[in-house]
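Listed below, chain by chain, are the residues.
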Amino acid sequence: MLAQVAQATSDDRLLGLAGSCHPRTLRQMRWTNTMIKELSPQLLASA
């Protein structure tokens, strides 16, 4: 949850804390966000 809040608010201090405690979580969240941005237009076009 901390990583989600840090990413949503773009709070550098929280991102640093989340990154030091949960680097894998942040990587997964970034990957998920990237995939959503890439796939959303394709999903909307196919509907």
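Everything numeric here is computed off the predicted structure, so don't read it as measured data.

So, how was this worked out
Residues numbered from 1 in each chain as written. Predicted model: local features only at pLDDT ≥ 70, side-chain atom pairs only at ≥ 80, totals over all residues. Heavy atoms only, no water. Helix = DSSP H or I, 4+ residues; strand = E, 2+ residues; numbered from the N terminus. Buried < 20%, exposed > 50% of the residue type's maximum accessible area, 1.4 Å probe, protein only. Areas by Shrake-Rupley, 256 points an atom, 1.4 Å probe, with all protein chains shown as cover. Contact = heavy atoms within 4.5 Å.

Caption draft 1: Focus on the overall build of the protein. Check the secondary structure of the protein and you find three helices and zero strands. Tracing the protein from N to C terminus, the helices and strands come up as α-α-α. Expressed as lengths along the three principal axes of its C-alpha atoms, the size of the protein is roughly 40 × 20 × 15 Å. Counting across all 47 residues of the protein, residues that qualify as buried make up 11%. On the protein, roughly 3900 Å² of surface is accessible, and the fraction owed to carbon and sulfur atoms is 61%.

Caption draft 2: The arrangement of the environment of Ile 36 in detail. Relative to the helices and strands, Ile 36 is located in helix H3 (residues 23-46). Counting along the chain gives 15 residues from Ile 36 to Cys 21, while the straight-line C-alpha distance between them is 25 Å.

Caption draft 3: Here's a closer look at unusual backbone geometry. In this model, Ser 10 sits at a positive phi of 55°, which is unusual for a non-glycine residue. Structurally, Ser 10 is set in the loop between helix H1 (2-9) and helix H2 (12-21).

Caption draft 4: Seen up close, the environment of Leu 15. Here Leu 15 lies in helix H2. With relative accessibility at 24%, the residue Leu 15 sits in the partly exposed group. Along the backbone, Leu 15 and Gln 4 are eleven residues apart, and their C-alpha atoms lie at a distance of 9.2 Å. Beyond its immediate stretch of four places on either side in the chain, Leu 15 contacts Ala 6, Gln 7, Ser 10 and Leu 26.

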